[in-house]
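# Examining the three-dimensional arrangement
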Amino acid sequence: MAERTPDLEKTSADATPVPDDSRASQLVQRLLAVGIDGKGPFDSAAEVARAARAEHPTTESAVHAVVRSQTRLAAANGFATGVGGLLTLAVSLPANVLGFYVLATRTVAAVAELRGYDSTRPEVRSAVLLTLVGTDATDVLKSVGLPSLPSVRGHVAKLFTKRLPPSVLMLVNKGVGFRLLARFGATGLLRLPTRSLPLVGGVVGAGMDAMTFRRIAKQAEVAFPPRGAED
């Protein structure tokens, strides 16, 4: 039976998330609880990694298989939530963006698991979230007094090889939440012209989501090198 993105949230047209502490924290908790730990029929990142490892002879072939399969899911999610056009846009677009980042969180965490990182560790979970925001990660790290990515050769995981205070990790997570909430609104405005058209919106949504998803997956492969190869 084909897995589907969980119906995580229904949002009205006038309920665009406002980047405040509570919304940022709620978003982060949802991404961690569903994207990494799994919920209902939505498999956890560790389960996705185990299934890929069982079917592929090497770690890297398993990583590539996870990226391919999750990209297909992201594209399908983009098509399904865009195909209805203007009549369903108010509900489907927020659900699409949230579903996209849940899938992206799971993919990054599954890559981390395959490369030898434990996604139950708070430090690894924060590194997974940080990978979602791309170049904004440097600003998040700077805001909490951690080294910027260029100083650690772009390997997010290297920053989290030692235990960090829970208060620092909470600030990192919240910083990611703020930036993702801001992207929810910006992404909606960018997609509005094409997604308002039935069917065309689905095709465009699938293509845009697949392209963005592959970029995040590539960031994950850089952020989480195989254990022992971080230096």
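Keep in mind that what you see is a predicted model, and the values were worked out from it rather than measured.

### Some thoughts on the overall build of the protein chain
Tallying secondary structure elements over the protein chain gives eight helices and zero strands in all. For the protein chain, the N- to C-terminal ordering of α and β elements is α-α-α-α-α-α-α-α. For the protein chain, the computed accessible surface area is about 11000 Å², with 61% contributed by carbon and sulfur atoms.

### What about the pattern of salt bridges?
Scanning the model with the defined rule gives three salt bridges in all. With a closest N to O distance of 2.9 Å, aspartate 37 and arginine 125 form a salt bridge. Placement of aspartate 37 in the loop between helix H1 (21-36) and helix H2 (45-55) and of arginine 125 in helix H5 (residues 122-131) is noted, with a sequence separation of 88 residues between them. Owing to a relative accessible area of 15%, arginine 125 belongs among the buried residues under this scheme. Notably, a salt bridge pairs glutamate 60 with arginine 115, separated by 2.9 Å at the nearest N-O pair.

### A closer look at H1
Over its 16 residues, H1 extends 22 Å from the first C-alpha to the last, a length consistent with the 22 Å expected when each residue adds 1.5 Å. Taken as a whole, H1 has its buried residues at Ala24, Leu27, Val28, Leu31, Leu32, Val34, Gly35 and Ile36. Of the residues flanking the end of H1, it is glycine 38, one or two places downstream, whose phi is positive at about 85°.

### Here we look at the packing of aromatic side chains
Counted under the stated rule, the structure contains three aromatic pairs. When the centroid spacing of 5.2 Å and the interplanar angle of 90° are considered together, the rings of phenylalanine 100 and tyrosine 101 count as edge-to-face. A relative accessible area of 4% means that phenylalanine 100 is categorised as buried. The buried category is assigned to tyrosine 101, whose relative accessible area is 6%. Each residue in the set Phe100, Tyr101 and Phe213 is aromatic and connected to the rest through ring pairs, giving one cluster.

Conventions used here
Residues numbered from 1 in each chain as written. Predicted model: local features only at pLDDT ≥ 70, side-chain atom pairs only at ≥ 80, totals over all residues. Heavy atoms only, no water. Helix = DSSP H or I, 4+ residues; strand = E, 2+ residues; numbered from the N terminus. Areas by Shrake-Rupley, 256 points an atom, 1.4 Å probe, with all protein chains shown as cover. Salt bridge = Lys/Arg side-chain N within 4 Å of Asp/Glu carboxyl O. Buried < 20%, exposed > 50% of the residue type's maximum accessible area, 1.4 Å probe, protein only. Expected span 1.5 Å × (residues − 1). Phe/Tyr/Trp six-rings, centres within 6.5 Å; stacked < 30°, edge-to-face > 60°.

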